[in-house]
Amino acid sequence: MNLTLKIWRQKDSNDTGKMVSYNVTDISDHMSFLEMLDVLNEQLVNSGDAPVAFDHDCREGICGMCSLQINGEAHGPDRGVTTCQLHMRMFKDGDTITIEPFRAKAFPVIKDLVVDRSAFDRIQQAGGYISVNTSGNTQDANSIPIPKADADEAMDAATCIGCGACVATCKNASAMLFVGAKVSQYALLPQGRVEAKERVMNMVNQMDKEGFGNCTNTGACEVECPKGISLTTIARMNREYLSASVTKD
Amino acid sequence: MSTGKGMTSVGRKVLMALSGFFLLIFLLQHSAINFLSVISPDMFNEVSHFMGTNPVVQFALQPVLAFGVFFHLIMGIVLEMQNRNARPIKYVDNRPGANASWMSRNMIITGIMVMLFLAIHFYDFWLPELNVKFIKGDMTGLNTEGQYRYYEELRHKFVDPIRVVLYVLSFVFLSLHLLHGFQSAFQSVGFNHNKYTPTIKKLGNIYAILIPFVFIFIAVYHFITKTA
Ligand code: HEM
Ligand code: SF4
Ligand code: FES
């Protein structure tokens, strides 16, 4: 199929940037969206132009590096997939596709479609871990009984790959789904309870410091999240935060 | 709610929800009393007089209500401004309808429309009441013929078709506000449970449609049955 691409081009973080149109031809509907961009970049390089910079790594939906706001939706029009898993068969011959970087004050553009998502790393560093002694005397994990339902829910929360689609899609650029997932994966397990109060307070504080917006519970994040992280994780974060702020000294 | 350095996003949302809950309870009470005007003018008069002169209502509950509305409004505007700031560069291609309802995305618009209504409402009912009771010092609630004045005053307001139309429109906006707001408030205070949340959402839809409908019904009823 032949497509018109409208892509955000920006030389570096100081450049104002603009949308630029390109044409690509003979795109197979078996290609992934990133493979389609590879075709474009090869074309650009061959004609002596700068290729379009975009983030990617695993290309199998697990690393969370790929991003892209495609036709106004994070990771494009499909549901439950990252951009690298988005197939070109979701589009039709002759389509015009708009490709923009994830937009948020906390995710500044570095170049073209690449944004700096290190705000997420700093939120994780603020509390997204448990302090355990790894000296070799660690207790066998199976010696602590955990209800299957809790283990499953914690696992579901832990599938968040930190891609930032929730922020990109939220009208408020709120990071609450990401932080909700990270708080939940620990809050549900006994190992995580030990530092639960400090964790939720520190992570929420860091989230605010990074300049993400407030949650209006529109639910857009849950719809666009490639991993199906649930809004219930945000509610859990809210009540963890509430109880921590009331009981913590 | 804070960690010493001001309030967090979660704290702000909890307060937004608490003020929302408070307004939801208030509105339930207000609609019930207003509905009496359709069933029984006498009962409406009695209750209005009680609410208008009881010191607990006047000097304890009313200031709390005024503060609640004011707080909800200010916090709504603060949240909206912060949220806009969080995305300084907008998308060229934006399709917000693809993943979220209109109601959830436009709480500030529906909320401000409700606020505009409240301004008219204060002008219509509240200021005249303050004037009669506290400036003229007439706490009797009686008209010149020695009968309670509340019912006839209410009837008089709904003679004007423009006022009735504004009234109806405002409650449509309130309905849109609550179609998202009711269930959202539960989520904000951290209540989301597989067993109860579906029921809360249903209750929210019933509340958001029924309560504004009652207010609309009352206005239209008095307009239609007016004695020229
Ligand atoms: C004075 C006019 C009003 C304004 C400007 C206003 C504004 C807002 C805004 C902007 C929000 C969304 C906040 C956010 O999630 O980011 C909101 C939520 C809400 N409003 Fe209002 N509102 C008004 C009146 C009312 C009234 C009269 C009621 C109830 C009868 C009400 C009930 C609620 C509820 C329950 C929520 C949900 C709280 C939450 O999401 O946590 N509001 N309001
Ligand atoms: S919650 Fe979903 S959308 Fe948000 S960062 Fe995690 S995986 Fe991505
Ligand atoms: S490149 Fe790893 S998730 Fe898409």
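The structure displayed is predicted, hence computed values, not measured ones. Per chain, residue numbering runs from 1 following the sequence as it is written. The lettering of chains begins at A and the numbering of ligands begins at 1, in the order of writing. In view of the model being predicted, local features appear only for residues whose pLDDT reaches at least 70, and side-chain atom pairs are presented and counted only at 80 or more, with totals across whole chains, interfaces and linings using the full set of residues. Here the side-chain values reflect all heavy atoms present in the structure, with hydrogen atoms and water set aside.

Caption draft 1: Molecular detail of the overall build of chain B. The secondary structure listing takes helices from DSSP runs of H or I that are at least 4 residues long and strands from runs of E that are at least 2 residues long, numbered from the N terminus. A tally of helices and strands in chain B yields eight helices and zero strands. Each helix and strand of chain B, placed in order from N terminus to C terminus, yields the pattern α-α-α-α-α-α-α-α. Put simply, chain B has 228 residues, and 43% of those count as buried. In chain B, the proportion of contacts linking residues at least 24 apart, taken out of those at least 6 apart, comes to 75%. Working definition: with a 1.4 Å probe on protein chains only, accessible area under 20% of the residue-type maximum means buried, over 50% means exposed, and in between means partly exposed. For this analysis, residues touch if any pair of their heavy atoms sits within 4.5 Å.

Caption draft 2: Examining the site of ligand 2 more closely. Consider each residue's heavy atoms; a residue with any of them within 4 Å of a molecule or strand counts as near. Taken together, 14 residues are adjacent to ligand 2, and A:C160, A:C163, A:G164, A:C166 and A:C225 come closest. Of all the secondary structure elements, the ones that give two or more residues to the shell around ligand 2 are α4 (165-169) and α5 (176-187) of chain A.

Caption draft 3: Structural view of the site of ligand 1. All names here are of chain B. Around ligand 1 sit 27 residues, and of these K13, H72, H177, S184 and S188 come closest. Distance and chemistry together define a polar contact, namely a pair of N or O atoms within 3.5 Å, with one atom able to donate a hydrogen and the other to accept it when in protein, and with adjacent residues in sequence counting only for side-chain atoms on both sides. A distance of 2.6 Å is found between an oxygen atom of ligand 1 and a side-chain nitrogen or oxygen belonging to K13. For ligand 1, a nitrogen atom lies 2.8 Å from a polar atom in the side chain of H72. Contributions of two or more residues to the shell around ligand 1 are made by α1 (9-39), α3 (55-85), α5 (107-135) and α7 (161-188). Each residue gets one of three labels, nonpolar for Ala, Val, Leu, Ile, Met, Phe, Trp, Tyr, Cys and Pro, charged for Asp, Glu, Lys and Arg, and polar for the others, Gly among them. Looking at the shell around ligand 1 residue by residue, the class counts come to 16 nonpolar, 10 polar and one charged.

Caption draft 4: Seen up close, the environment of A:H75. With respect to the secondary-structure elements, A:H75 resides in the loop between β4 (73-74) and β5 (96-100). Residues A:H75 and A:I99, 24 residues apart in the sequence, show an inter-C-alpha distance of 9.9 Å.

Caption draft 5: Structural view of the interface of chain B and chain A. Contacts between chain B and chain A engage 38 residues on the former and 48 residues on the latter. By definition, the buried area sums, over both parts, the 1.4 Å-probe accessible area that each loses when the two are put together. Of the roughly 3400 Å² buried at the junction of chain B and chain A (both faces included), carbon and sulfur atoms supply 51%. It is B:R87, B:Y91 and B:N99 in chain B that bury the most area against chain A; as a group they hold 19% of the surface buried on that side. Should a side-chain nitrogen of Lys or Arg be within 4 Å of a carboxyl oxygen of Asp or Glu, the pair is scored as a salt bridge. For the pair chain B and chain A, the number of links is zero salt bridges. Across the chain B-chain A interface, the total number found is 28 residue pairs in polar contact (both at pLDDT 80 or more). When contributions to the side of chain B that touches chain A are tallied by element, the ones reaching two or more residues are α1, α3, α4 (102-105) and α7 of chain B. For the side of chain B that touches chain A, the leading source of residues is α1(B), giving six residues. Grouping the amino acids of the side of chain B that touches chain A by side-chain chemistry returns 14 nonpolar, 16 polar and eight charged.

Caption draft 6: Local environment of the pattern of salt bridges. This structure, assessed with the given rule, holds 17 salt bridges over all chains. Two residues, A:R193 and A:E240, come together in a salt bridge whose shortest N-O distance is 2.9 Å. With A:R193 in helix α6 (residues 190-193) and A:E240 in helix α9 (residues 232-247), the pair connects residues that are 47 residues apart, well separated along the chain. The exposure class assigned to A:E240 is buried, which follows from its relative accessible area of 14%. Among the salt bridges present, the one from B:E153 reaches B:R149, with a minimum N-O distance of 3.3 Å. B:R149 gets classed as buried once you look at its relative accessible area, which sits at 5%. One network of salt bridges, with partners in common, ties together B:E129, B:K133, B:R149 and B:E153.

Caption draft 7: Fine view of the domain arrangement of chain A. Residues and elements named next belong to chain A. For every domain, the bounds stem from an assignment made automatically or drawn from a database. We note that the domain assignment places domain 1 (3-111) and domain 2 (118-247) within chain A. Measuring from the centre of the C-alpha atoms in domain 1 to the corresponding centre in domain 2 gives 29 Å. Across the contact, 20 residues belong to domain 1 and 19 residues belong to domain 2. Taking both partners together, domain 1 and domain 2 bury about 1300 Å²; carbon and sulfur atoms supply 58% of that area. Contact with domain 2 buries area across many residues of domain 1, yet A74, A106 and F107 alone supply 32% of it, more than any other trio.

Caption draft 8: Spotlight on the nonpolar core. Each nonpolar core is a collection of buried residues, namely Ala, Val, Leu, Ile, Met, Phe, Trp, Tyr and Cys, held together in the definition by side-chain atoms within 4.5 Å. Membership of the largest hydrophobic core comes to 45 residues, with the highest contact counts inside it found for A:V167, A:V179, A:F212 and A:M237. Those elements that place two or more of their residues in this core are α2 (118-127), α4, α5, α7 (196-209) and α9 of chain A together with α1 of chain B. Formed jointly, this core draws a minimum of three residues from each of two domains, domain 1 (3-111) and domain 2 (118-247) of chain A. Excluding its chain neighbours within four sequence positions, the residues that come into contact with A:M237 are A:M176, A:V179, A:G180, A:V183, A:V200, A:V204 and B:V10. With 28 residues, the next largest nonpolar core counts B:L36, B:L65, B:V69 and B:F182 among its residues.

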